[in-house]
Amino acid sequence: DIDRNSNTAIYRDNANCILPIKVDTSASQQTRNQQMVDIATTVCPFLLSSSKMAEDQTNDADIKVRPLLGGLSNEIFVVENAITQRAVLIRIHPEDEDEENTCEPHVSPSGNPKDSDTDTDTDSDSMPSDEDISIPNETTNNSSNDLISHRQMENRLVAWLSQQGMAPIFYGRFENGRVEEFYDNAAPLSCEEMGSHADIIGSIMAKFHVESMPVEILPKPENERLGYAADRIDSWFTSAFKHINEEARRNDDAINDGSDEQQQLIAHVHKLHQEWMWLQSALERPPVHSVADDDDGKTTATTHSTKKATNFIREVVLTHMDCQPLNILKPTTNDNANTTNNIKLIDFEYAGWNPRAADIANTFCEHCNMTNLCPNYETEYPTTQQQNAFLRSYLRQADPAWSAQLDSDGARWDDVLSALRNEVGRFTLVSHMQWAVWS
């Protein structure tokens, strides 16, 4: 039983207060739905009002539950008062996650890319040996606690963003999920619409990037160059190698005498890890154009602009890191639809401290049909014109003073945009690596 007369305000924007109810997704639909109704009406008692003005209360029979499609990592439902049509969203985390074992992304003591005993020659096509498939840095990665999603941190972050008006209202947590504001009369963008909304998405992302997140909510990574994305990829590789080794232990001959398909998977993960080691090293080095000098040994005006642009786009800021079409909502009405106030970002599962370039690069990749696993990067990746529209809008929001200076010298815009596009292009490899390992 639950107390619906309790002080529900304690749950609002509070990631530390958890309602002691769990949604049993394996139960019957009736039982599961009743659990969600109990949760929603406890933290959101306004759902029980039979009138938007009246104080008389309705009953649970007037509260309806329906599934919402689109969630990849979570099950999502809408709980709605059929009379007032007021609704909230319930997000249920995967069953295999244990909240007590959640942890922050692994941060190496040195902040440097992890050392590996694996050969880094990416041209080698040889089959890895048993020793090659050992878990990298098993002594420094607590892989049992490195989960696909770090729910404790995510909930703290979303609760804080809710307070800032940057995310759906955080109504409260329960044991295996949370209750959020439901954006009614809104629909996700399509891949094709990403390009036409480039300037708006750029401005929204810049607003997100300039947020000053308290370190007690989201600790800064020690790796000031590659941020949490590198830690996440390392963690996922650890999980992949651990799974391979566990399979091998279940069958002593699994590695040497396994099926062709299994051998190919082992070789693929091994080579992918080699490429990741190379990519970290490559991105740690500044691009060549940022240090170019003229014939007199003095930095030219063009080089100064490109160096400033490169340093700017590599800054580690608060990032979303999953700006795919399903996570960008537009109004379903035509009134003022194309404004930054009406386009909403949702789903902050992968948010964290990362280079600006990493978030923008991932967003450019999401212009392609990655959602349906059939992207055509050659034809769907944003054009130079679309990239420029995004980056101009982004810079005007993120650094108005600098963009005003560039407006006074239009030629310099070309230098800056070229440098920004170049560095974002390099970081698209992080996006590809991240989702390859995730898959």
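Keep in mind that what you see is a predicted model, and the values were worked out from it rather than measured. (Residues numbered from 1 in each chain as written. Predicted model: local features only at pLDDT ≥ 70, side-chain atom pairs only at ≥ 80, totals over all residues. Heavy atoms only, no water.)

1. A short note on the packing of aromatic side chains
Evaluation of the coordinates by the stated rule reveals 10 aromatic pairs. Their ring planes at 10° and their centres at 5.8 Å tell us that Phe208 and Phe348 sit as a pair that is stacked. With Phe208 in helix 4 (residues 198–209) and Phe348 in the loop between strand 10 (344–345) and strand 11 (352–355), this pair connects stretches of sequence that are 140 residues apart. Here Phe208 falls in the buried class, since its relative accessible area comes to 1%. With relative accessibility at 3%, the residue Phe348 sits in the buried group. The ring centre of Trp413 lies 4.6 Å from the NZ or CZ of Arg392, which sits over that ring. (Phe/Tyr/Trp six-rings, centres within 6.5 Å; stacked < 30°, edge-to-face > 60°. Helix = DSSP H or I, 4+ residues; strand = E, 2+ residues; numbered from the N terminus. Buried < 20%, exposed > 50% of the residue type's maximum accessible area, 1.4 Å probe, protein only. Lys NZ or Arg CZ within 6 Å of the ring centre and 35° of its normal.)

2. A few points about the pattern of salt bridges
Applying the stated criterion to the full structure yields 13 salt bridges. Between Arg12 and Asp13 there is a salt bridge, with the nearest N and O atoms lying 3.8 Å from each other. Between Arg178 and Glu154 there is a salt bridge whose closest N-O contact spans 3.0 Å. Linking Arg178 in strand 6 (residues 177–181) with Glu154 in helix 2 (residues 151–163), this pair joins segments that are 24 residues apart in sequence. (Salt bridge = Lys/Arg side-chain N within 4 Å of Asp/Glu carboxyl O.)

3. Quick word on the nonpolar core
If you look at the biggest cluster of nonpolar residues, it comprises 57 residues, and the most contacted ones within it are Phe237, Ile360 and Phe390. Within the residue set of this core, elements represented by two or more residues are helix 4, helix 5 (227–250), helix 7 (260–284), helix 8 (301–313), helix 9 (356–366), helix 11 (384–398), helix 12 (400–408) and helix 13 (410–438). If one sorts the elements of this core by residue count, helix 13 sits on top with 11 residues. Within the second largest apolar cluster, 22 residues are counted, among which are Val88, Ile92, Tyr171 and Phe174. (Core = buried A, V, L, I, M, F, W, Y, C linked by side-chain atoms within 4.5 Å.)

4. A few points about the sheet that holds strand 7 (residues 186–188)
The antiparallel open sheet is built from 3 strands, whose spatial order is 7-9-10. With partners counted over all chains shown, the strands left at the sheet margins are strand 7 and strand 10, one partner each. (Pairing = 2+ DSSP bridges.)

5. As for the packing of helix 4 against helix 11
Interaxial distance between helix 4 and helix 11 falls to 7 Å at its minimum, and their mutual angle equals 35°. Helix-helix and strand crossings are classified by hand; for helix 4 and helix 11 the assignment is right-handed. Taken together, the residues of helix 11 that come into contact with helix 4 (itself represented by Ala198, Asp199, Ile201, Gly202, Ser203, Met205, Ala206, Lys207 and His209) are Gln386, Ala389, Phe390, Ser393, Tyr394, Gln397 and Ala398. Each residue belonging to the contact of helix 4 with helix 11 can be placed in one class, and the counts come to 8 nonpolar, 6 polar and 2 charged. (Axes fitted to C-alpha atoms, helices over the stretch in contact; angles between N-to-C directions. Left-handed = near helix turned anticlockwise from the far one by under 90°. Contact = heavy atoms within 4.5 Å. Nonpolar A, V, L, I, M, F, W, Y, C, P; charged D, E, K, R; others polar.)

6. Focus on helix 12
Residues Trp402, Ser403 and Leu406 constitute the buried set of helix 12. One side of helix 12 holds all its buried residues, which, seen down the axis, span an arc of 95°. Exposed and oriented more than 90 degrees from the buried face of helix 12 are Ala401, Gln405 and Ser408. (Arc of directions from axis to C-beta.)

7. Re the sheet that holds strand 1 (residues 18–19)
Within a sheet, each strand pairs with its neighbour through backbone hydrogen bonds, oriented either parallel or antiparallel. The 6 strands are arranged 1-5-6-4-3-2 in an open sheet whose pairing can be described as mixed. The open sheet has two edge strands, strand 1 and strand 2 (63–67), and neither has a second partner. Pairing analysis gives 2 bridges linking strand 1 to strand 5 (residues 170–174), with the strands arranged parallel. If you follow Ile18 over to strand 5, its bridge partner there is Arg173. Sitting on the sheet, helix 1 (residues 29–43) touches strand 1, strand 2, strand 3 (75–81), strand 4 (87–92), strand 5 and strand 6, and the angle it makes with strand 2 is about 115°.

8. Re the packing of helix 7 against helix 13
Direction vectors running N to C along helix 7 and helix 13 enclose 150°, while the axes themselves pass 11 Å from each other. The orientation of helix 7 with respect to helix 13, classified from their angle, is roughly antiparallel. Between helix 7 and helix 13 lies a crossing of left-handed hand. Between helix 7 and helix 13, the contacting residues are Leu272, Glu275, Trp276, Trp278, Leu279, Ala282 and Leu283 on the first element and Arg426, Phe427, Leu429, Val430, Met433, Ala436 and Val437 on the second. Of the residues contributing to the contact of helix 7 with helix 13, the split by class is 12 nonpolar, no polar and 2 charged. (Parallel < 35°, antiparallel > 145°, perpendicular 65-115°, else oblique.)

9. Structural notes on the state of the cysteines
Tallied over the full model, the rule gives 0 disulfides. Left unpaired, Cys365 is separated from the closest cysteine sulfur, that of Cys368, by 6.4 Å. (Disulfide = S-S within 2.5 Å.)

10. Considerations on the environment of Asn185
Considering the arrangement of structural elements, one finds Asn185 in the loop between strand 6 and strand 7. Taking the C-alpha atoms as reference points, Asn185 and Pro331, 146 residues apart in sequence, are found 5.9 Å from one another. Once residues lying within four places of it in the same chain are set aside, the contact partners of Asn185 are Lys330, Pro331 and Thr332.

11. Examining the side chain of Ser431
Along the chain, Ser431 turns up in helix 13. In this structure Ser431 comes out as buried when scored by relative accessible area, which is 3%. Here Asn362 takes part through its side chain, which lies 2.8 Å from a polar atom of the side chain of Ser431. Filtering out sequence-adjacent residues up to four positions away, Ser431 remains in contact with Asn362 and Cys365. (Polar contact = N/O pair within 3.5 Å; in protein donor to acceptor, adjacent residues only side chain to side chain.)

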